[in-house]
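Here is what each chain is made of, one letter per residue.
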Amino acid sequence: QSENKEFDRALAWAAFSGWSLVTREYGLGIWAGLPWFRDNWGRDTFIALPGILLATGQFSEAREIIVTFAGRQDNNRDSPTYGRIPNRWRSPEDVIFNTVDGSLWFIREVWEYVRYTGDINFVLELKPVIDRSLEADLARCDQYGFLTHGPADTWMDARIKGREPWSERGNRAVEVQALFYTALRCGEKFARLAGDV
């Protein structure tokens, strides 16, 4: 609480409003589009998770959401999206991986969760998921170390009839590189916690 009652009231309403987007269907998630569409978006979830759940002390819910997304990672080594955390899922049978940054946000939020909770064992449980994601992304890098991606595999992921991008971003978007750098730094911290370095 602060000395400003209007601020405290606004903060309480903001926390309640955020919590209203936390929904359980095929696992817990933050459904950014309610009530207009019922999709669980990876990028949106992990951008919103710190403010909606971590800052408000709802650690078990944050942990469950992270575990739910980790369980939907693309583990098919022959897939072009191998190692990615989903961009969107509606059900266990309807999962898409058409974003490069969802996995990077996921890794960042695992680190945020650990910073809030001190739950190092959680990192050790998720380390295979994180390692798989980072190793797959490292294999997608060009000769300069930039993470390459499809022209609509960023936050501007809209496609015309599911094919051509509405707003082509090229294959080395600047914010993707910043998120990739952050994910690599988090991976380094996880490796140290696990005693791998």
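Residues numbered from 1 in each chain as written. Predicted model: local features only at pLDDT ≥ 70, side-chain atom pairs only at ≥ 80, totals over all residues. Heavy atoms only, no water.

What follows deals with the pairing of strand β4 (residues 88-91). Pairing analysis gives two bridges linking strand β3 (residues 40-41) to β4, with the strands arranged antiparallel. Each bridged residue has a counterpart across the sheet, and for Asn 40 the counterpart in β4 is Trp 89. Sheet topology note: the β4/strand β5 (residues 94-96) ladder contains three bridges and is antiparallel. Across the sheet, the residue bridging to Trp 89 is Val 95, located in β5. (Pairing = 2+ DSSP bridges. Helix = DSSP H or I, 4+ residues; strand = E, 2+ residues; numbered from the N terminus.)

Let's shift gears to the packing of helix α3 (residues 59-70) against helix α5 (residues 120-139). Taken N-terminus to C-terminus, the directions of α3 and α5 make an angle of 20 degrees; their axes are 11 Å apart at the nearest point. When the interaxial angle is binned, α3 and α5 end up roughly parallel. For the pair α3 and α5, the sense of crossing is left-handed. Two secondary-structure elements touch here, α3 through Arg 63, Ile 66, Val 67 and Ala 70 and α5 through Phe 122, Glu 125, Leu 126 and Val 129. Residue composition of the contact of α3 with α5, by class: six nonpolar, no polar and two charged. (Axes fitted to C-alpha atoms, helices over the stretch in contact; angles between N-to-C directions. Parallel < 35°, antiparallel > 145°, perpendicular 65-115°, else oblique. Left-handed = near helix turned anticlockwise from the far one by under 90°. Contact = heavy atoms within 4.5 Å. Nonpolar A, V, L, I, M, F, W, Y, C, P; charged D, E, K, R; others polar.)

Enumeration over the complete set of coordinates arrives at 15 salt bridges. Glu 112 is the partner of Arg 115 in a salt bridge, and the nearest nitrogen-oxygen pair spans 3.4 Å. Of this pair, Arg 115 and Glu 112 are both found in helix α4 (residues 101-117), three residues apart, which corresponds to roughly one turn of the helix. Classification of Arg 115 by relative accessible area gives exposed; the value is 57%. Relative accessible area serves as the criterion here: at 13%, Glu 112 is assigned to the buried category. With its nearest N and O atoms 2.6 Å apart, the salt bridge here joins Lys 127 to Asp 196. Residue Lys 127 is found in helix α5, and its partner Asp 196 is found in the segment after α6 (174-194); the two are separated by 69 residues along the sequence. Classification of Asp 196 as partly exposed rests on a relative accessible area of 49%. Salt bridges sharing common partners tie together Arg 63, Asp 119 and Glu 125. (Salt bridge = Lys/Arg side-chain N within 4 Å of Asp/Glu carboxyl O. Buried < 20%, exposed > 50% of the residue type's maximum accessible area, 1.4 Å probe, protein only.)

Further remarks concern the sheet that holds β4. The strand order β3-β4-β5 describes an open sheet built from three strands, whose pairing is antiparallel. Single-partner strands in this sheet number two, and they are β3 and β5.

On the surface, a cluster of nonpolar side chains totalling about 220 Å² of accessible area is made up of Ile 120, Leu 124 and Leu 193. Secondary-structure assignment places Leu 124 in helix α5. (Patch = residues over 30% accessible without salt bridge, like charges linked within 9 Å, V, L, I, M, F, W, Y side chains within 5 Å. Areas by Shrake-Rupley, 256 points an atom, 1.4 Å probe, with all protein chains shown as cover.)

In this section: the side chain of Gln 73. The topology assignment puts Gln 73 in the loop between α3 and β4. Of the residues examined, Gln 73 reaches a relative accessible area of 5% and is grouped as buried. From its side chain, Gln 73 meets the backbone oxygen of Val 129 in a polar contact 3.0 Å long. One polar contact links Gln 73 to Arg 132, side chain to side chain, over a distance of 2.5 Å. For Gln 73, the contacting residues outside a window of four places in its chain are Gly 83, Arg 84, Ile 85, Pro 86, Phe 97, Val 129, Arg 132 and Ser 133. (Polar contact = N/O pair within 3.5 Å; in protein donor to acceptor, adjacent residues only side chain to side chain.)

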